[in-house]
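These are the residues of each chain, in order.
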Amino acid sequence: MHPMLNIAVRAARVAGSIIVRGFENRDDLVKQVKGANDYVTQIDKEAEMAIIHKIKQSYPDHSFLGEESGETAGESSEFQWVIDPLDGTTNFIKGIPHFAVSIALLHKGRLDQGVVFDPIRGELFTASRGQGAQLNGYRIRASKARDLSETVLATGLPFKNKTQYADYAIRLNKIFHECGDIRRAGSAALDLAYVAAGRHDGYWERGIKPWDIAAGELLVREAGGLVTDFSGNNDPLYKGEIVAGSVKVVQGLVKHLK
């Protein structure tokens, strides 16, 4: 395992322990509202602090972009860690056991290492650029589906800005009538990890942030999948939208999303 990936895994496991303890004691949660239907708890903040602390022990000069703490410039601008300490906070608050820690490393602006850790199921998805993707140490491959009719897809709803739903619904309706079925589970990081593992054949969503998708994007690419924005362009990390899956599935989705 790449040394920096190893540190990311350790950091994700530390955060996972904090999250599991918090999940078992949800009556003590302190919940704050960041925006419309957008919540944060003290567990999100504690987990992010723990991740950054763990990484800084080995790489004190690196930069960080965290969902809760924002952007922190380090002496080395070549390396930036992109962190979502708890992707799926609403699920966490409601007691739905579907959420994850997401940690990615950018080297000179390119995704280099990625970890998505599901602390409830104990599933650790990892990827290093050019080295493939793994689930708990075993190689994973994305689906090779060639037609939308045979797919199970994942997506997200524009719950933070419901005025966008009318446009979203038109596209959803077209895709739904072509695909096998659709899931909406509430964690972009896990949606992408599941695409990388071949559990979902494809995924699309708009209104997302880099920390939601950075690690998952690398997972999908290293598992042999394609990742684009809604226009089919190859670099969606900062576009606020993403499409992932096999080449044919992504092409089929982009046709309806452009």
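Since the model is a prediction, treat every value here as computed from it, not as a measurement.

Cut-offs used in this document
- Residues numbered from 1 in each chain as written.
- Predicted model: local features only at pLDDT ≥ 70, side-chain atom pairs only at ≥ 80, totals over all residues.
- Heavy atoms only, no water.
- Pairing = 2+ DSSP bridges.
- Helix = DSSP H or I, 4+ residues; strand = E, 2+ residues; numbered from the N terminus.
- Contact = heavy atoms within 4.5 Å.
- Axes fitted to C-alpha atoms, helices over the stretch in contact; angles between N-to-C directions.
- UniProt positions renumbered as here; feature names shortened; annotations may be inferred.
- Buried < 20%, exposed > 50% of the residue type's maximum accessible area, 1.4 Å probe, protein only.
- Parallel < 35°, antiparallel > 145°, perpendicular 65-115°, else oblique.
- Nonpolar A, V, L, I, M, F, W, Y, C, P; charged D, E, K, R; others polar.
- Core = buried A, V, L, I, M, F, W, Y, C linked by side-chain atoms within 4.5 Å.
- Domains from an automatic or database assignment.
- Phe/Tyr/Trp six-rings, centres within 6.5 Å; stacked < 30°, edge-to-face > 60°.
- Lys NZ or Arg CZ within 6 Å of the ring centre and 35° of its normal.
- Buried area = accessible area lost by both parts, 1.4 Å probe.
- Salt bridge = Lys/Arg side-chain N within 4 Å of Asp/Glu carboxyl O.
- Polar contact = N/O pair within 3.5 Å; in protein donor to acceptor, adjacent residues only side chain to side chain.

## Notes on the sheet that holds strand E9 (residues 133-135)
Point 1. Read from one edge of the open sheet, 8 strands run E4-E3-E5-E6-E7-E8-E9-E10, paired in mixed fashion. Each edge of the open sheet is held by one strand with a lone partner, namely strand E4 (70-72) and strand E10 (138-139).
Point 2. Here 5 bridges tie strand E3 (residues 62-66) to strand E5 (residues 76-87), and the two strands are oriented parallel to one another. Directly across from glycine 66, in E5, lies its bridge partner isoleucine 83.
Point 3. In the packing of helix H1 (residues 3-24) onto the sheet, the strands contacted are E3, E5, strand E6 (100-107), strand E7 (110-118) and strand E8 (123-128), and the crossing angle to E7 comes to about 30°.
Point 4. Running over the sheet, helix H6 (residues 210-222) touches E3, E5, E6, E7, E8, E9 and E10 and is turned about 100° from E7.

## Some thoughts on the UniProt feature "binding site: Mg(2+)" (unreviewed entry) in the protein chain
Point 1. The positions that UniProt labels "binding site: Mg(2+)" (unreviewed entry) are, in the present scheme, Glu67, Asp84, Leu86, Asp87 and Asp212. Taken together, the annotated residues stretch across 146 residues yet fold into one region, lying no more than 9.5 Å apart by C-alpha.
Point 2. Along the chain, the position of aspartate 84 falls in strand E5.
Point 3. For aspartate 84, a relative accessible area of 1% gives the class buried.
Point 4. Apart from residues no more than four positions distant in its own chain, aspartate 84 is found in contact with Glu67, Ala100, Val101, Ser102, Trp211 and Asp212.
Point 5. As for its position among the elements, leucine 86 is in strand E5.
Point 6. Those residues in contact with leucine 86 that sit more than four places away from it in its chain are Ile19, Ile43, Asp44, Phe92, Phe99 and Ala100.

## Focus: the packing of helix H5 (residues 188-196) against H6
Point 1. Relative to each other, H5 and H6 sit at 0°, their axes nearing to 8 Å. Here H6 runs roughly parallel to H5, going by the angle between their axes. Together, Ala188, Ala189, Leu192, Ala193, Val195 and Ala196 of H5 and Asp212, Ile213, Gly216, Glu217, Leu219 and Val220 of H6 make up the contact between the two elements.
Point 2. Taken together, the residues that form the contact of H5 with H6 break down as 9 nonpolar, 1 polar and 2 charged.

## Some thoughts on the nonpolar core
Point 1. Val116, Phe125, Tyr203 and Leu219 are the most contacted members of the largest nonpolar core, which totals 36 residues.
Point 2. Among the elements of the structure, E6, E7, E8, E9, H5, H6 and strand E15 (241-245) are those that each provide at least two residues to this core.
Point 3. Broken down by element, this core gets its largest block of residues, 8 residues, from H5.
Point 4. Two domains each donate at least three residues to this core, and these are domain 1 (3-139) and domain 2 (152-257).
Point 5. Contacts of valine 116, omitting those with residues within four sequence positions, involve Ala100, Val101, Ser102, Glu123, Leu124, Phe125, Ala189, Leu190, Ala193, Ala215, Gly216 and Leu219.
Point 6. Counting residues in each nonpolar core, the second largest holds 32 residues, with Phe23, Phe92, Leu105 and Phe117 among its members.

## Focus: helix H7 (residues 247-257)
Point 1. Listed as buried for H7 are Val249, Val250, Gly252, Leu253, Val254, His256 and Leu257.
Point 2. Tucked into the core, H7 has its buried residues touching strand E11 (152-155), helix H4 (165-176), strand E13 (202-206), strand E14 (226-228) and E15.

## Overview of the side chain of serine 128
Point 1. Take serine 128: it is sitting in strand E8.
Point 2. For serine 128, the contacting residues outside a window of four places in its chain are His2, Leu5, Asp112, Gln113 and Glu222.

## A look at the pairing of E15
Point 1. Extensive coverage of E15 is indicated by the burial of 5 of its 5 residues.
Point 2. Residues Glu241, Val243 and Gly245 point to one face of E15 and Ile242 and Ala244 to the other, with burial holding for every one of them.
Point 3. Direction of pairing for E13 relative to E15: antiparallel, over a ladder of 5 bridges. Residue glutamate 205 lies in a different strand from E15, and its bridge partner there is isoleucine 242.

## Quick word on the packing of aromatic side chains
Point 1. If you walk through the whole model with that rule in mind, you get 6 aromatic pairs.
Point 2. The aromatic ring of phenylalanine 23 is capped on one face by arginine 26, whose charged end is 4.7 Å from the ring centroid.
Point 3. Over the aromatic face of tyrosine 194 sits the side chain of arginine 199, whose NZ or CZ is 4.7 Å from the ring centroid.

## Here's the deal with the domain arrangement of the protein chain
Point 1. Assigned domains of the protein chain: these are domain 1 (3-139) and domain 2 (152-257).
Point 2. Once you take the C-alpha centre of each, domain 1 and domain 2 turn out to be 20 Å apart.
Point 3. Of the roughly 2,400 Å² buried where domain 1 meets domain 2, counting both sides, 64% is carbon and sulfur surface.
Point 4. When residues of domain 1 are sorted by the area they lose upon contact with domain 2, His98, Leu111 and Phe125 head the list and together hold 23% of the total.
Point 5. In this structure, the salt-bridge partner of arginine 199 is glutamate 123, at a minimum N-O distance of 2.8 Å.
Point 6. Applying the counting rule to domain 1 against domain 2 returns 8 residue pairs in polar contact (both at pLDDT 80 or more).
Point 7. Among the secondary structure elements, those contributing two or more residues to the side of domain 1 that touches domain 2 are E3, E5, E6, E7, E8 and E9.
Point 8. Top element by residues in the side of domain 1 that touches domain 2 is E7. It accounts for 7 residues.

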